[in-house]
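# An overview of the molecular structure
Below are the chains, spelled out letter by letter.
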Amino acid sequence: MSSIGLRCYKISVITKSSQEQEILSEISKKVDFYDFLKETISSDLAKRSKNDEQQRMFHFSEKKSVEYRTLHGHINYGIYGFESNLIDVNNGKVNYERTTQDSEEIPLYFQFWIPDNQKIGYAIFQSFQGRSCNTLVLNEIRRHFKDLFKETFLRIEKLMPEQLMALDGDKA
């Protein structure tokens, strides 16, 4: 049985000197965080990102910008660094000998929503059978943000189910 889940995050930008949250459409000298995200996930940085320490890699295979300042699409995520044989389950014959440089990629859905004139944005990432690229992707976005914006820092917080219910006005 497949186990598919969603991981949800709250995004904010904090000014280092005052510890105040910035309006995301006007961060750091009137730069829009939505535009920063669009550029980041379309850049060479995100075309193929590889982490040799964790033996993980990802790239955005499909991304769309839609109404309401939303970015969404698919991230191909894979694990590499080990050898194995891929066999035909019906006859037991080896179809392929996997090397340490081979990565099996799975497509995982993502979505960012950065509302205009708000201090909070949101991100969701699909997980599949315990596999998720959210930490890898968010760390790359944080690193890129830190390189560009020295006077602010990017805060990304995992949202728990009861927090998501509260966003809709429901009580947990």
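Structure first, text after, so check above.
One structure accompanies this document, and this report is about it. Chains are numbered independently. Their residues run from 1 in the order of the written sequence. Given that the model is predicted, a residue must reach a pLDDT of at least 70 before its local features are reported, and side-chain atom pairs must reach 80 or more before they are shown or counted; all residues, however, enter totals for whole chains, interfaces and linings. Calculated side-chain values reflect all of the structure's heavy atoms, with hydrogen atoms and water omitted.

## Some remarks on the sheet that holds strand β2 (residues 49–51)
We apply this condition: Between any two strands, pairing holds if DSSP finds at least two bridges. Secondary structure is summarised from DSSP: a helix means a run of H or I of at least four residues, a strand means a run of E of at least two, and numbering begins at the N terminus for each. In this analysis an axis means a line fitted to C-alpha atoms, helices contributing only their contacting stretch, and an angle means the value between N-to-C directions, from 0 to 180 degrees. The contact criterion used is simple: two residues touch if any of their non-hydrogen atoms lie within 4.5 Å.
With respect to topology, seven strands assemble into an open sheet ordered β2-β3-β4-β7-β8-β1-β9, the strand pairing being antiparallel. Single-partner strands in this sheet number two, and they are β2 and β9 (152–159). Here the strands of the sheet are splayed against their neighbours by 25 degrees on average, with no regard to which way each runs. Summarising the sheet, strand β4 (residues 70–79) and strand β7 (residues 104–113) pair through ten bridges and their orientation is antiparallel. Following the sheet pairing, Leu 71 is matched in β7 by Phe 112. Sitting on the sheet, helix α2 (residues 33–42) is in contact with β1 (4–15), β3 (56–66), β4, β7 and β9, with an inclination near 130 degrees to β3. Relative to the sheet, helix α4 (residues 134–148) contacts β1, β2, β3, β4, β7, β8 (121–128) and β9, its axis offset from that of β9 by approximately 165 degrees.

## What about the packing of aromatic side chains?
The following threshold applies: Only centres within 6.5 Å qualify two rings of Phe, Tyr or Trp (six-membered ring in Trp) as a pair; their planes then separate them into stacked at under 30 degrees, edge-to-face at over 60, and tilted for everything else. Exposure categories follow from relative accessible area, calculated using a 1.4 Å probe and restricted to protein chains: below 20% of the type maximum is buried, above 50% is exposed, and the middle band is partly exposed. Charge-over-ring placement is defined geometrically: NZ (Lys) or CZ (Arg) within 6 Å of the ring centre, and within 35 degrees of the ring normal.
A complete count under the given rule lists eleven aromatic pairs for this structure. When the centroid spacing of 6.0 Å and the interplanar angle of 65 degrees are considered together, the rings of Phe 33 and Phe 145 count as edge-to-face. You can see Phe 33 sitting in helix α2 and its partner Phe 145 sitting in helix α4, a full 112 residues away along the chain. The pair formed by Phe 33 and Phe 145 is uniform in burial state, with each residue classed as buried. Ring geometry for Phe 36 versus Phe 145: centroids 5.4 Å apart, planes at 85 degrees, classification edge-to-face. Here Phe 36, found in helix α2, pairs with Phe 145, found in helix α4; they are 109 residues apart in sequence, far enough to count as distant. Since its relative accessible area comes to 6%, Phe 36 is described here as buried. Among the aromatic side chains, those forming a connected cluster through ring pairs are Tyr 9, Phe 58, Phe 60, Phe 110, Phe 112 and Phe 125. Its end group placed over the ring of Phe 82, Arg 98 keeps NZ or CZ at 4.0 Å from the ring centre.

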